[in-house]
Amino acid sequence: MKGSATAFIVLLLSTLILFGQNEGVITYEITVNNHRNLSPEREGMKAIVPQYRTFKQQLFFNANESLYKPLIEEEEEESGGQNRRFRMAGAVNYTNPSSSLFLSQTDVFGKKYLISDKLKTAPWKFGTETKTIQGYECAQAFYTTTDERKQTITAWYTTKLSPLLGPERYNTLPGAVLAVDVNNAERVIIAKKIELRALTRNELKVPSEGKKVTPDEFKKIMQEQRSQRAGRFRN
C-alpha cells in the first residue's frame, strides 16, 4: 500500500513541469453545520447554538509548495458607542510534495505546536460527474474514511491548476481541489476566489514557530487537555 501511494505521488510530481507558471491564491469559504455534530444527549443545545458557522481560509501556492491558513478578517460592530473588533484564527498548514512534507502549526490554549508529518495519499476513487467552480471545470473524486468516526469525502478538482493542491489535507489528487463535501454537507469547503499572480515574499513562508511534535505526540497532548478540562468541569 505504501509503495503504491509513493508511486502515485511520484507520478503526479512528474506532471508539475506542465504547471510551472502556476502561482497564486485560492480563497475558500468553509461552512460547518454545528447541529450535525451534537450528540443525542445534547439535542437541547440546538436552541442556543447557531446551526451554521462560516469562515474563510486561503491557499497560497507556487509550482513546488503551498500554505493554507486562515483569512484574518476584522469586523467592526457598534456596541454602546464603541467599535469592537473580532478576529478568527486557526491552524496553518504547509505542504511540499517533492519532499512529501506536511507541516501543521496550531495553537492550543496559547501554546504553539509544530506538527511534522508525511504527505499521505487518500484512497481516492474517481467519479464520472463534473461541476464548474469559479470558471474551472472540475472532476469528482471520493472516499470513505476507516477510522472511528466514518466520514464520506467528496472532492471536486481541476487539472487546469497544479496537482497535489488543495485545502487542509485534501491535496493528493491530479489537480487542484476547489470544493470538498464531508458527510453530505456536514462541512463544506468551496473556492470563492482564484487569483493567479506572483506571490509576495512573505505570503508563503514555511511555519517555524512552536514546539516540534509528531502527530502521535500531538494526539496525546490533546487527549490530556480534554481530560484536564473534563476534570475541571466535574469539580
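Up top is the structure these notes are about.
Since this is a predicted model, take the numbers as computed values, not measurements.

A count of helices and strands for the protein gives 2 helices and 14 strands. Taken across its 235 residues, the protein has 40% of its residues classed as buried. The contacts of the protein with a sequence gap of at least 6 include a subset with a gap of at least 24, amounting to 55%. Within the structure as shown, the protein displays about 14,300 Å² of accessible surface, and the carbon and sulfur contribution to it stands at 50%.

This part covers the nonpolar core. Core analysis: the largest hydrophobic core is formed by 32 residues, its most contacted members being Ile-26, Tyr-28, Trp-124, Tyr-170, Leu-178 and Val-180. Listed by contribution, the elements that provide at least two residues to this core are strand E1 (24-33), strand E2 (52-61), strand E10 (136-144), strand E11 (152-158), strand E12 (176-182) and strand E13 (187-196). Of all the elements, E12 adds the most residues to this core, at 6 residues. In contact with Tyr-170, other than residues within four places in its own chain, are Trp-124, Tyr-143, Ile-153, Leu-165, Val-177, Val-180, Val-182, Arg-187 and Ile-189.

Before going further, it helps to examine the packing of aromatic side chains. Applying the stated criterion to the full structure yields 4 aromatic pairs. Relative to Phe-218, the ring of Tyr-113 lies with its centre 5.7 Å away and its plane at 65°, an arrangement referred to as edge-to-face. Of this pair, Tyr-113 sits in strand E8 (residues 111-118) while Phe-218 sits in helix H2 (residues 215-234); the two residues are 105 residues apart in sequence, bridging distant segments of the chain. In terms of burial, Tyr-113 and Phe-218 fall into one category: buried. Both rings, one in Trp-124 and one in Tyr-143, keep their centres 4.8 Å apart while their planes meet at 90°; by these two values the pair is edge-to-face. With a gap of 19 residues between them, Trp-124 in the loop between E8 and strand E9 (125-133) and Tyr-143 in strand E10 connect regions that are remote in the sequence. Classification of Trp-124 by relative accessible area gives buried; the value is 10%. The ring of Phe-102 has Arg-169 lying over it, and the distance from NZ or CZ to the ring centre is 4.0 Å.

Let us look at the sheet that holds E10. What the 12 strands build is an open sheet, ordered E9-E10-E11-E12-E13-E1-E2-E3-E6-E7-E8-E14; its pairing is mixed. Each having just a single partner strand, E9 and strand E14 (211-213) make up the two edges of the open sheet. Adjacent strand axes in the sheet meet at a mean angle of 20° when their direction is disregarded.

In total, this model carries 6 salt bridges according to the counting rule given. A salt bridge links Asp-117 to Lys-120, with the shortest nitrogen-to-oxygen separation between them at 3.4 Å. Its salt-bridge partner being Asp-117, residue Arg-169 comes within 3.0 Å of it at the nearest N-O pair. With Arg-169 in the loop between E11 and E12 and Asp-117 in strand E8, this pair connects stretches of sequence that are 52 residues apart.

Once that is clear, we can look at the pairing of E12. Within E12, 6 of the 7 residues are buried, which leaves the element mostly enclosed by the surrounding structure. Where E11 meets E12, 6 bridges bridge the pair, whose relative direction is antiparallel. The residue of E12 that forms the bridge with Tyr-157 is Val-177. As paired strands, E12 and E13 are joined by 4 bridges and run antiparallel to one another. Pairing of Val-180 across the sheet is with Ile-189, part of E13.

Here is what the cut-offs are and how they apply
Residues numbered from 1 in each chain as written. Predicted model: local features only at pLDDT ≥ 70, side-chain atom pairs only at ≥ 80, totals over all residues. Heavy atoms only, no water. Helix = DSSP H or I, 4+ residues; strand = E, 2+ residues; numbered from the N terminus. Buried < 20%, exposed > 50% of the residue type's maximum accessible area, 1.4 Å probe, protein only. Contact = heavy atoms within 4.5 Å. Areas by Shrake-Rupley, 256 points an atom, 1.4 Å probe, with all protein chains shown as cover. Core = buried A, V, L, I, M, F, W, Y, C linked by side-chain atoms within 4.5 Å. Phe/Tyr/Trp six-rings, centres within 6.5 Å; stacked < 30°, edge-to-face > 60°. Lys NZ or Arg CZ within 6 Å of the ring centre and 35° of its normal. Pairing = 2+ DSSP bridges. Axes fitted to C-alpha atoms, helices over the stretch in contact; angles between N-to-C directions. Salt bridge = Lys/Arg side-chain N within 4 Å of Asp/Glu carboxyl O.

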